[in-house]
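Summary of the model geometry
So you can see what is in the structure, the chains are spelled out below.
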Amino acid sequence: MPSISINGYECQFTEGQTILEVALAHEHEIPHYCWHPGLSVVASCRICLVEIWAPNPRNDNVLEEIPKLMPACQTPASDGQVVYTDSPKAVGNQRAVMEYLLINHPVDCPVCDQAGECSLQDYSYRYGRSASRFQEEKLKQPKKDLGPNVLLYSDRCIMCTRCVRFTREVTGTSELIVEGRGALEQIDVFPGLALDNELSGNVIDLCPVGALLDKDFLFQQRVWYLTSTPSIDGITSGGDNISVEHNNGVVYRIKPRTNPEVNGWWISDEIRYGWEFVHDESRHRLPMLRDHLPWEPEEASTAWGESLDRAVEGLRTAGRLAAIISPMLSCEDAWHLGRLVRELDPEATLVVGPVPVQGEDKSFPGGYTVRAEKAPNARGVRRVLAALGGEVLEFDRVGEACAGAGGLLVTGNYPSAWVTDALLDSLGDRFVVLMDTMPNRLVERADVFLPSATWMEKSGTFQNVDDRLQVFERAIEPVDYCKSEAQIAIDLLARHRGESSTWFNAALARQQLASEAGLSAFVTDVQQPSVEQSAESDMQVVDL
Ligand code: FES
């Protein structure tokens, strides 16, 4: 395998990789701003210039220095190259570039949202000068409202043009342009346009400095307080890999997690901002009984106890049962609910809840697809229910399922209204246990309402539109007194059997799916999240 040397370390590479890609693959840092793996290479920022010595085939392959520094992001690796990023010439260039970039930069890190995750800040410590030599007045650039989600602080911009290339190459919408010349260059929207395509929020992640900011996250949190939990899109069927960033049980933002086989580096704005119902004020947080006054928060334990008892009693005595299992639930939720219903009534009818579809899939030139199906796990729920045996009905046959049943177990967990007139009409006066999150017409109708947890508040597995099984982890505790559907099913089953309940464990449920339901893929083919490790700062922490 061909190899190059980077600062004395031998690094093997595959043909076609650039020096920067080889360095990053071997965890050697070369500073870079304009390069991004999902965009074309423009080599404009010049921070990545390196000193290269290469064998000269016209001189017996004697190593000779390439007479000028070369951009590591654009120069292909070739066998035998010797690369220095820490030679006096390379270091001199890094310092010069940093000095130029900071000449007109306001250095307003204390009030900048990007502080703590800013390449300019990090590289300034690692590659810059400790003090500015610039005595003159700094140029001031305007703040701009680029669209519904993004603000531009022009004077923090380093003109890497990642955002401009994104709108040209990935979305094909070309809303962003470079306007002006020299020190007066600015990013702007094309006259008459706004940055409002379905993927617009990705420019915020792409910006290596604090120039493009998320209106939704503006001044909400310092990023070093945030904990990042690997998760999967719980809004659409795409299975996009995401990180849920949260602090003290509150989610503040969603970021894409790189997965070249699913979402690349991007997520849609729908996924980025569609989670906010998790903390919606109107969300139900306590159980409710139809003929009972609402409980107060301090009565939560009584509320759960009485509601679970009423649910078990009602379902036991209802005769034939039917269960509507929502495609918003995880495979593990579906497994526990299915087992519960089948133990209460081995002939119970299982129905997959409504699968919302809006329009058609929309693919962008950069390869990203916004999915029309607005449920993360219809395929997984169908697969698990089918493994429990018997026919699994789609929601358009819910009337048929209700007609033969005396009691129903219904699950929702949709971010918006989902209950149809047809469903309400089909229920008649049957006994209904509802597990749901947001207010809807079925909450008042249900004999027992049990507040459930969104996907961010539990762990589990979703099967996406390409039948890929992906695990997501619990980011936050269930809000207030909510519980996951799987935990509620375990509690109900324990009450039915007269046993004490156990805690839900997603890994154990996957093992049961493999051993008891014959779905070995839940052990062998499940993709666990891979978490990118960020480099630890080598700055010394000073106690003040
Ligand atoms: Fe190489 Fe910008 S990263 S020139």
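Report follows, based on the coordinates. (Residues numbered from 1 in each chain as written. Predicted model: local features only at pLDDT ≥ 70, side-chain atom pairs only at ≥ 80, totals over all residues. Heavy atoms only, no water.)

Attention now moves to unusual backbone geometry. Among all residues save glycine, negative phi is the norm, and among peptide bonds the norm is trans. Positioned with a positive phi, Asn248 is a non-glycine residue whose angle comes to about 50 degrees. With a phi close to 65 degrees, Asp467 is a non-glycine residue in the positive phi region. If you trace the backbone, Asp467 turns up in the loop between β24 (460-463) and β25 (469-472). Residue Asp467 is classed as partly exposed on the basis of its relative accessible area, which comes to 46%. (Helix = DSSP H or I, 4+ residues; strand = E, 2+ residues; numbered from the N terminus. Buried < 20%, exposed > 50% of the residue type's maximum accessible area, 1.4 Å probe, protein only.)

What follows covers the nonpolar core. Judged by nonpolar contacts, the single largest core of 57 residues is most densely connected at Tyr33, Leu176 and Trp455. Counting 49 residues, the second-largest nonpolar core is a separate cluster that includes Leu340, Val384, Val448 and Ala506. (Core = buried A, V, L, I, M, F, W, Y, C linked by side-chain atoms within 4.5 Å.)

Inspection of the secondary structure assignment puts Ser363 in strand β18 (residues 362-363). Between the C-alpha atom of Ser363 and that of Val62, which follows or precedes it by 301 residues, the distance is 50 Å. Apart from residues lying up to four places away in sequence, Ser363 is in contact with Tyr368 and Thr369. (Contact = heavy atoms within 4.5 Å.)

Here the focus is the layout of surface pockets. Its volume calculated, the second largest pocket comes out at about 510 Å³. If you go around the second largest pocket, you meet 21 residues; those closest to its centre are Tyr100, Leu101, Cys157, Ile158 and Met159. Across the lining of the second largest pocket, the residue classes break down as eleven nonpolar, six polar and four charged. (1 Å grid on protein atoms, 1.4 Å probe; cavity = no way out; pocket = protein on both sides within 12 Å on 5 of 7 lines; lining within 4 Å. Points joined across faces, edges and corners; volume = space filled by probe spheres on them. Nonpolar A, V, L, I, M, F, W, Y, C, P; charged D, E, K, R; others polar.)

Moving on, we get to the packing of aromatic side chains. In total, this model carries seven aromatic pairs according to the counting rule given. Measuring from centroid to centroid gives 4.9 Å for Phe166 and Trp266, while their planes differ by 65 degrees, and the two rings are edge-to-face. One end of the pair, Phe166, is in helix α4 (residues 162-170); the other, Trp266, is in the loop between β14 (250-256) and α6 (269-273), and 100 residues separate them in sequence. According to the relative accessible area criterion, Trp266 is buried, its value standing at 4%. Ring centres of Trp224 and Tyr225 lie 6.2 Å apart, and the angle between their planes is 55 degrees; on these two criteria the pair is classed as tilted. Among the aromatic residues, ring-to-ring pairing joins Tyr33, Tyr123 and Tyr127 into one connected group. Across from the ring centre of Trp304, 4.4 Å away, lies the NZ or CZ of Lys483, which sits over that ring. (Phe/Tyr/Trp six-rings, centres within 6.5 Å; stacked < 30°, edge-to-face > 60°. Lys NZ or Arg CZ within 6 Å of the ring centre and 35° of its normal.)

This part takes up the packing of helix α8 (residues 331-344) against helix α9 (residues 378-387). As a packed pair, α8 and α9 sit with axes 9 Å apart at the nearest point and diverge in direction by 30 degrees. The orientation of α8 relative to α9 falls into the category roughly parallel. Seen from above, α8 lies across α9 with right-handed handedness. Between α8 and α9, the residues in contact are Cys331, Ala334 and Trp335 and Gly380, Val381, Val384 and Leu385, respectively. Residues that form the contact of α8 with α9 fall into these classes: six nonpolar, one polar and no charged. (Axes fitted to C-alpha atoms, helices over the stretch in contact; angles between N-to-C directions. Parallel < 35°, antiparallel > 145°, perpendicular 65-115°, else oblique. Left-handed = near helix turned anticlockwise from the far one by under 90°.)

Further remarks concern the sheet that holds strand β12 (residues 227-232). Within a sheet, each strand pairs with its neighbour through backbone hydrogen bonds, oriented either parallel or antiparallel. The strand order across the open sheet formed by three strands is β12-β13-β14, and the pairing between neighbours is antiparallel. Edge positions in the sheet fall to β12 and β14, since each of these pairs with one other strand and no more. Between one strand and the next, the sheet's axes are offset by a mean angle of 30 degrees, whatever the strand orientation. Strand direction decides the pairing type here: strand β13 (residues 241-247) and β14, joined by six bridges, are antiparallel. Residue pairing in the sheet places Ile242 in a bridge with Pro256 of β14. (Pairing = 2+ DSSP bridges.)

The values are spatial; any link to function lies outside them.
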